[in-house]
Every structure is written in C-alpha cells, then in structure tokens.
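Here is how the chains run, residue by residue.
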Amino acid sequence: MRELVEVMAKALVEHPEEVSVTETEKNGEIIVELKVAPSDMGKVIGKQGRIAKAIRSVVKAAASKEEKKVTVEIQ
C-alpha cells in the first residue's frame with residue numbers, strides 16, 4: 001500500500017522529493033501516513049477533499065483485494 005500511495009502523491013505534487021509515506025500496523029489495521037511539502041498540501045487534498053477521497057478509495061479497493069483494512073492519513 002505504501003508504494004501505491006507514494007506513486008499517486010508524487011504524480012500530483014510539484015516537489016516529489018519531499019513526499020514521504022510511512023506504513024504502520026495497529027490492531028490489524030494498516031495506517032498509511034502521507035506527508036508532503038506545505039505548498040503541495042492543496043494539490044493532494046483537492047477542492048472539497050476530492051483528490052484525498054479518491055486516493056483513499058483507490059487504496060481501499062487495493063486493500064480489499066488482499067482482505068486488509070487500510071486507513072490513509074494526510075499530514
């Protein structure tokens with residue numbers, strides 16, 4: 001999941017070198033944290049959160065194939 005989020009985020013931002021994605025597991029749930037440069041935050045979130053919602057939907061679909069629960073947090 002980490003690689004999927006990283007590829008999508010790097011395609012959206014102006015400073016791909018500042019994208020960092022970490023993956024942790026708590027209580028059987030995978031938590032993916034996405035950090036981007038402050039100037040790129042709007043590009044990752046999108047108008048009314050549409051891009052963030054789309055990223056979460058794609059990750060959720062990929063996770064359901066593997067029967068895992070994944071949460072994406074954008075910081």
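The structure under discussion appears in the preceding block.
Now for a description of the structure that goes with this document. (Residues numbered from 1 in each chain as written. Predicted model: local features only at pLDDT ≥ 70, side-chain atom pairs only at ≥ 80, totals over all residues. Heavy atoms only, no water.)

**Some points on the layout of surface pockets**
The space that makes up the largest pocket amounts to roughly 160 Å³. Looking at the largest pocket, the residues that line it are Arg 56, Val 59, Lys 60, Ala 63, Ser 64, Lys 68, Lys 69, Val 70, Thr 71 and Val 72. Of all the secondary-structure elements, those providing two or more residues to the lining of the largest pocket are helix H3 (50–65) and strand E3 (69–74). With 5 residues, the single largest contributor to the lining of the largest pocket is H3. Of the residues belonging to the lining of the largest pocket, the class tally is 4 nonpolar, 2 polar and 4 charged. (1 Å grid on protein atoms, 1.4 Å probe; cavity = no way out; pocket = protein on both sides within 12 Å on 5 of 7 lines; lining within 4 Å. Points joined across faces, edges and corners; volume = space filled by probe spheres on them. Helix = DSSP H or I, 4+ residues; strand = E, 2+ residues; numbered from the N terminus. Nonpolar A, V, L, I, M, F, W, Y, C, P; charged D, E, K, R; others polar.)

**Concerning the nonpolar core**
Nonpolar side chains in soluble globular proteins generally cluster together in the buried interior. Grouped together as the largest cluster of nonpolar side chains are 18 residues, with contacts concentrated most on Val 5, Val 19, Val 32, Leu 34, Val 44, Val 59 and Val 70. Only helix H1 (2–12), strand E2 (29–35), H3 and E3 provide two or more residues apiece to this core. With 4 residues, H3 is the largest single contributor of residues to this core. In this structure, Leu 34 is in contact with Val 5, Ala 9, Val 19, Ser 20, Val 21, Val 44, Glu 73, Ile 74 and Gln 75, ignoring residues within four places of it in sequence. (Core = buried A, V, L, I, M, F, W, Y, C linked by side-chain atoms within 4.5 Å. Buried < 20%, exposed > 50% of the residue type's maximum accessible area, 1.4 Å probe, protein only. Contact = heavy atoms within 4.5 Å.)

**Digging into the side chain of Asp 40**
Tracing the backbone through its elements, the reader meets Asp 40 in the loop between E2 and helix H2 (41–45). A distance of 3.2 Å separates the side chain of Asp 40 from the backbone nitrogen of Glu 14, its partner in a polar contact. Setting aside chain neighbours within four positions, we find Asp 40 in contact with Val 13, Glu 14 and His 15. (Polar contact = N/O pair within 3.5 Å; in protein donor to acceptor, adjacent residues only side chain to side chain.)

**Comments concerning the pattern of salt bridges**
Under the criterion given, the structure shown has 5 salt bridges. With a shortest N-O distance of 3.1 Å, Lys 10 and Glu 6 are connected by a salt bridge. With Lys 10 and Glu 6 both in helix H1 and 4 residues apart, this pair spans about one turn of that helix. A salt bridge links Glu 66 to Lys 68, with the nearest nitrogen and oxygen atoms 3.5 Å apart. (Salt bridge = Lys/Arg side-chain N within 4 Å of Asp/Glu carboxyl O.)

**Topic: the sheet that holds strand E1 (residues 20–26)**
Hydrogen bonding along the main chain pairs the strands of a sheet, whether they run parallel or antiparallel. One open sheet holds the 3 strands; their spatial order is E1-E2-E3, and the pairing between them is mixed. Taken across any chain shown, the strands that pair with only one partner, and hence form the sheet edges, are E1 and E3. Neighbour-to-neighbour, the strand axes of the sheet open up by a mean angle of 20 degrees, direction not taken into account. With 7 bridges joining them, E1 and E2 adopt antiparallel strand pairing. Paired with Glu 25 across the two strands is Ile 30, which belongs to E2. Seen against the sheet, H1 touches E1, E2 and E3 and runs at an angle of roughly 150 degrees to E1. (Pairing = 2+ DSSP bridges. Axes fitted to C-alpha atoms, helices over the stretch in contact; angles between N-to-C directions.)

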